[in-house]
Amino acid sequence: MNAPALPASAADYIAHIDLAFELMVVLDASGRIVRANAAAGDILGYSPVELAGRPVRELLHPDERAALDTLTADLLAGRPCHERELRWRRKDGATIYLSLSARWSARARLVYASARDVTTHRAARDELRRSRERMNDMLESIGDAFFAIDRDWRITYANRKAGAFIGVDVAPNVGRHLLEVAPALEGTAIVEHYRRALASGESGFFEAYWQPSATWVEVRCYPTPDGLSVYFHDVTAKRVALDAVRKSEQRFRNLFQEAGDSIVIADADLRIIAANGRACARFGYTEDEFIGMSVSDIDGHHAYTSGMLDSLRAGQTHLLRMAKRRKDGTSFPAEVHISRFEDGGQEYFQAIIRDLTEREEAERQLRASERRFREVIEMTPAGYVLASADGRVLDVNPALCALSGHTRTALLGRTLDELFVAFPWHGLAAHDADAPVQGVEAVLRHAQGGAVHVLFNGSVRRDPCGNVESVTGLMSDITDRKQAERRLQQLATHDTLTGLPNRALLQERVQRMLDECPHGRAVAVMFLDLDRFKEVNDSFGHELGDALLCEVAARLRKVMRPGDVIARLGGDEFVVAAECAGAQDAEVIAAKLLDALALPVLVGGQEVTAGGSIGISMFPHDAGTRELLFQTADTAMYGAKRAGRNRYRFFEPAMTLAAQARMALEMALRPALARAEFELHYQPRIDLRTMNVVGIEALIRWNSADLGRVSPGEFIAIAEETGLILPIGRWVLNEACRQTRGLIDRHGRTIRVSVNVSARQLAQPGFVDEVRAALADTGLPADCLEVELTESALIEDIPRTAAMLDELRALGVKLAVDDFGTGYSGLAYLRRFHIDVLKLDRSFVLQADGRISAFDFIKAFVDMAHALKLSVVAEGVETAEVLDFLRAADCDEVQGYLMARPMPLEALEAWLVAATEG
Ligand code: C2E
Ligand code: MG
Ligand code: MG
C-alpha cells in the first residue's frame, strides 16, 4: 500500500522524526498512519512500510479501542493528548504500554503523535507498589508500635499500633510534626532518646514508662538516612512478673536478714556466701568479713564430716548441739540445723544456728528454782501432793507421809480417790481457770484406817485447750479443830449430862421426820416427865439426881429404835418421837417406856423407882405442825400427871381447854391481891386428950371477881409456879398474925396460928426477916406462930433450910411438917431439922382406917415421932372412928371437919366462944 502524500509543512517534521528514539507517527483524520518513524517500527515490531496506511486502531489492544475513540474525538475538537498510557499489541502479539502524546493540526488536517514505551517502567512501578503493600502488612502485623520520622520530626509512617499508642489516628497525620500529633511526648525521656539517636546516628534501646496508657515500653530507635525509625514494645507484663520476683526475693532476703536465729549459707566448698544480720551480731563479723570464710572458722571443730555431707546430699537434715566460735575467740552453746539445697545446678549448705546461752541459763535457773521448791516442800509442815490429770499421785512430801501414815513409795502411783475419803474434785472442777481452790475441807485416809481431817488448798494446771494436766494440793491437819468443832456442835445440840439431843436438835430431827413421813404413816411425839425425880433430887442431892437421869436416858435408848428421836429438854423432861403406823404402835412404845421406868434404879445405894408420865400427840391426827405437836404432847403429859402419874395419855382437845382454864386462872390471879380478893379462913386444931382448942390453921380463900370461889388446891400450885406465892404468902403471914393478935386480945387467951409456907417462900433469903417483921408489926408473940412446911420444901437445900429453921426457932416460932405421908415419909432426915410438929396427911391416916396392921403401923410411927420429941397432928378427921383410932394410936392433936371446918374469922370467934362455953 502506498503512503498518502504529505503536505509540505509536514515534510520538515518527518525529516527529523526518523532520527528520534521515540515512536513518532503522523495520522490522517481517519486515523490511518500516514508516516511512522523507525523507532515506531522497532517498538511495534513492524517495518515502517508495513505500518504506512494502516489504521492505528488495528495496532491498539482491543480493550483500549473505546478509549481511542474518545481520545480521537478530543483531538479533533482541538484538545491535545498528553502522556496517555494505552496498551498496544505488537506484531508478535505481546502487549506493551505506550505513553502517548498527540495533537491535531487543523491546517494540515493531520494528527502528529509521539509515544514512549513505558512497559518496563510500569512493571517496576507495580512491583514497588506490591512490595510497599507487603511492608505495610508486615509493619502492621509485628504487634509493636512502629513509626518513622524524618529529620524535621515529621511523621513519615506509623502503623495502627503506633496510633493507638500515641492516642491518635496517625495515617491522616503523616507529614505532621510528631510532637504536634503527640504533645504528651514533649519533655519526656523518650523524646530525649530520639534526639540523641538522631544526633549520634546510633541506634538505642531503653525502657520507659508511658504515662498516657500506663504501660512500660521497650523503645528501640534506629536512625535511617531520612530520619528515625522507632519501635515500641509493651513490656508491662514482663515488668510486673519481674517485679513480683524481685519483691519475693526481697521478702526472702528480709526474712533471712531478720530471722531470730543466725543463718549462714555456704557453697559446695563450704565457703560462706551469705550470713544474715543475726549471724553478724552473734559472731561479731560483718557480712563482708563472713563472705569467703570457711564454715569451720565459726565451728569449734569441723562439723561437716564427709559422712554428714553424704547424708545431706541424700536429702537428710541434721540437728546438732555444738559450741560455736565468735570472732573474739569466745564461744557459745548452740543448736544447729543443717540442710542442703541446690540452685542453678550448684549445691549450697544452710546452717540455722540457735544460741542456747539464754536457754541454758533459763534451764539452770529452773533447776535451781526446782531445787529451792523441793527444799521448801520437803520442810513444810503442810502435806503436799502432785497428781496427774487422772488423779495418780506423782509426788508427795514427808509431811503428807506423816499425815497419812503411808510411806512415799506406798503413796506414789495411788489415786487421789484412794488417798482421800472424798477428794474435792468438785471444788477444783468448778474453777475452770487456773484459780486455786482455797480452804476446802477434805478427809485423808490414814494408813491405820482412821480419818485425818485436812484443810485442802489445791490448783489444777491446764493446757491451752483447758484440759487438766496436773493437780497440786497442799493440806494442813485440822483434826484437832474438827474435834473441837464437833465438840461445840455436840454441846450446841446435845444435853451435856445424858448426851441426848437437846431441844434445838429435837426440833430439827422431828421436823425432818414430819417432812419425810410417808402418806398413811404417823409420827408419835411423847413428852415424858419423871414422877419422882424432884424427890430423888431433893432427898439425895443433885449428883444422884443426875445419875438417875443418865440411867433413865440409857433405858429410853434401849426401848427406842435407831431411827427414833430421844431428847432431853431439861430437868426431868424427856421427849421421844417415832414414826409408826398409828396410835396402837404409840401405845406399845409408851407402855414399854413406862415398864422401863418402873424398874427400880439403884441410886446412892438406895432403890428408887423413877416412874413417869407420858403425853402422846400423833401427827397428823392431833397436830399438823411440829410446834402444835409439841404443845399438844406437853398438854397430854400434864393430863397424864393429873390423872395420877405413871401412865400415858393421848392428847385430847379437852386438855387444851384445861390448859386454857389454867391460863385464865393465872390471868385472874395476878391482880387478885391488889383487888383484895383474898381472905383467910381458920380451922381449929384440937388436943386429942383434952379436946381443947390449941391452935388454928390459917387457910387462904380466893373470891375471884372473874372466876368466883377458887380453892387453894386449884390456885396455890399456879401461884407457886408463877412466883405470885411470894406476895400472897407475905400477905397471908401478916394477915394471920394480925388477926390472931386481935383474937388473942379479944378473947384473952393464948392461941397459936399455923401458917402454910410454900417452898418458894422458904427459898427466898429474906424469909426469916419477913417473919420477924410480921411478928414485930402485929405484936403477936413468936410462940403463937407456927410455920407449916411440906417435906419437899424442907429437902430442897437441906443445910440452908436447917440453918433457916434454926433462926426461926431462935425467934421462938414453932415448926411443923405438913402433909406427912405423901412424900418420902422418912423420919431419918427429920433429925437434921429441929421440928416441933408432924402433921399426918389425911390419906396417910385413911389408909390405916379400920385395919389392924395399919393401926400397928401408925402406932409405931407415932411412937417413933414421940421418941424424936415431935408431937403428931392428924389432918382431915371426918369420922368418930378415925378419931378413936387416932386416940388409941396415942396421936396428940386432930384437925378435921368432924370437929370444925375452916371458917371466916367472925365464925371462928363465935365457934371459939361456943366451944369454951360448951
Ligand atoms: P393443908 O395445909 O394440908 O390444909 C388442910 C386442908 O385440908 C385444907 O384444905 C382443909 O380445908 C382441908 N380439910 C380440913 N379438914 C378436913 C376434913 O375433915 N376432910 C377433908 N376432906 N378436908 C379437910 P384447903 O383449905 O382447901 O387447903 C388446901 C391446901 O392448900 C392446904 O393443905 C395447904 O397446903 C394449901 N394452903 C391453903 N392456904 C394456904 C396458904 O395460905 N398458903 C399456902 N402456901 N398454902 C395454903
Ligand atoms: Mg396446912
Ligand atoms: Mg395438910
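Residues numbered from 1 in each chain as written. Chains lettered and ligands numbered in written order. Predicted model: local features only at pLDDT ≥ 70, side-chain atom pairs only at ≥ 80, totals over all residues. Heavy atoms only, no water.

With that out of the way, let us pick up the packing of helix α23 (residues 626-642) against helix α24 (residues 653-669). Contact geometry of α23 with α24 gives a least axis separation of 9 Å together with a crossing angle of 85 degrees. By the angle between their axes, α23 is roughly perpendicular relative to α24. Contacts between α23 and α24 involve T635, A636, G639 and R642 on the former and, on the latter, M655, T656, A658, A659 and R662. (Axes fitted to C-alpha atoms, helices over the stretch in contact; angles between N-to-C directions. Helix = DSSP H or I, 4+ residues; strand = E, 2+ residues; numbered from the N terminus. Parallel < 35°, antiparallel > 145°, perpendicular 65-115°, else oblique. Contact = heavy atoms within 4.5 Å.)

So, about the nonpolar core. Judged by nonpolar contacts, the single largest core of 85 residues is most densely connected at L669, Y682, W702, L785, L830, L886 and V894. Here the element with the most residues in this core is helix α26 (residues 725-747); it accounts for 8 residues. Once residues lying within four places of it in the same chain are set aside, the contact partners of L886 are L688, V845, A874, V877, C891 and V894. Judged by nonpolar contacts, the second largest core, of 35 residues, contains A522, A578, V601 and I614. (Core = buried A, V, L, I, M, F, W, Y, C linked by side-chain atoms within 4.5 Å. Buried < 20%, exposed > 50% of the residue type's maximum accessible area, 1.4 Å probe, protein only.)

The next point concerns the UniProt feature "domain: PAC" (unreviewed entry) in the protein chain. Under the feature "domain: PAC" (unreviewed entry), the UniProt entry names residues 82-130, 316-368 and 438-490. Secondary structure within residues 316-368 divides into 23% helix and 58% strand; the distance between the first and last C-alpha atoms comes to 37 Å. Regarding residues 438-490, the helix share stands at 23% and the strand share at 57%, and the terminal C-alpha atoms are separated by 27 Å. (UniProt positions renumbered as here; feature names shortened; annotations may be inferred.)

Our next topic: the coordination of the magnesium ion (ligand 3). Each protein donor to the magnesium ion (ligand 3) is listed here as D818 (OD), D819 (OD), E875 (OE) and E875 (OE); together their distances run 2.1 to 2.4 Å. Along the chain, the residues donating to the magnesium ion (ligand 3) are arranged with the sequence spacing D-D-x55-E. The metal-metal distance between the magnesium ion (ligand 3) and the magnesium ion (ligand 2) comes to 3.9 Å, with D818 coordinating both. Judged by relative accessible area, which is 7%, D818 ranks as buried. (Donors = N, O, S within 2.8 Å, 3.2 Å for Na, K, Ca; no water.)

Across the sheet, 5 strands lie side by side as β22-β23-β21-β26-β27; this open sheet has mixed pairing. At either margin of the open sheet sits one strand with a lone partner, and together these are β22 (565-570) and β27 (648-650). Across this sheet, the average inter-strand angle for adjacent strands is 20 degrees, counted without regard to direction. With 8 bridges connecting them, strand β21 (residues 522-530) and strand β23 (residues 573-580) associate as antiparallel partners. Among the inter-strand pairings, D529 is bridged to a residue of β23, identified as E573. Here helix α19 (residues 503-516) sits on the sheet in contact with β21, β22, β23 and β26 (612-619), set at roughly 145 degrees to β22. (Pairing = 2+ DSSP bridges.)

On to the domain arrangement of the protein chain. Splitting the protein chain by domain gives domain 1 (8-124), domain 2 (142-239), domain 3 (259-355), domain 4 (360-470), domain 5 (494-651) and domain 6 (668-917). Computed from C-alpha coordinates alone, the two centres of domain 2 and domain 6 are separated by 155 Å. (Domains from an automatic or database assignment.)

Every one of the 21 residues lining ligand 1 counts as a neighbour, but Q683, N756, D818, E878 and Y897 are closest to it. Side-chain polar atom of R701 to an oxygen atom of ligand 1: 2.9 Å apart, as the coordinates give it. Within the side chain of N756, an N or O atom sits 2.9 Å from an oxygen atom of ligand 1. Its free accessible area being 790 Å², ligand 1 has 81% of it covered by the protein chains. Looking at which element gives the most residues to the shell around ligand 1, the answer is strand β29 (residues 693-704), with 4 residues. Its residues assigned to classes, the shell around ligand 1 shows 8 nonpolar, 5 polar and 8 charged. (Near = heavy atom within 4 Å. Polar contact = N/O pair within 3.5 Å; in protein donor to acceptor, adjacent residues only side chain to side chain. Areas by Shrake-Rupley, 256 points an atom, 1.4 Å probe, with all protein chains shown as cover. Nonpolar A, V, L, I, M, F, W, Y, C, P; charged D, E, K, R; others polar.)

Each pair of donors in an ideal four-coordinate tetrahedral metal site encloses 109.5 degrees, whereas pairs in an ideal six-coordinate octahedral site enclose 90 or 180 degrees. All of the protein donors around the magnesium ion (ligand 2) are E697 (OE), N756 (OD1), E788 (OE) and D818 (OD); their distances to the metal are 1.9 to 2.4 Å. Sequence spacing among the residues donating to the magnesium ion (ligand 2) works out to E-x58-N-x31-E-x29-D.

With that settled, the discussion passes to the packing of aromatic side chains. This structure, assessed with the given rule, holds 24 aromatic pairs. Ring geometry for Y209 versus W216: centroids 5.2 Å apart, planes at 55 degrees, classification tilted. For W216, a relative accessible area of 26% translates into the label partly exposed. On the numbers, 6.3 Å between centres and 90 degrees between planes, the contact of Y648 with F650 is edge-to-face. Each member of the aromatic cluster is reached from another via a ring pair, and the members are F146, Y157, Y222 and Y231. (Phe/Tyr/Trp six-rings, centres within 6.5 Å; stacked < 30°, edge-to-face > 60°.)

When you line up the elements, D299 lands in the loop between α11 (287-290) and α12 (306-313). A relative accessible area of 1% places D299 in the buried class. Once you skip the residues sitting within four places of it in the chain, D299 turns out to touch Y304, M322, A323, K324 and R325.

What follows is about helix α4 (residues 65-76). Residue pairs spaced three or four apart in an α-helix point in one direction, given the helix's 3.6 residues per turn. Spanning 12 residues, α4 covers 16 Å between terminal C-alpha atoms, matching the ideal 16 Å at 1.5 Å per step. What α4 keeps buried is the set A67, L68, L71 and L75. Burial along α4 is one-sided: seen end-on, the buried residues are contained in an arc of 100 degrees. The first or second residue beyond α4 is G78, which carries a positive phi of 95 degrees. (Expected span 1.5 Å × (residues − 1). Arc of directions from axis to C-beta.)

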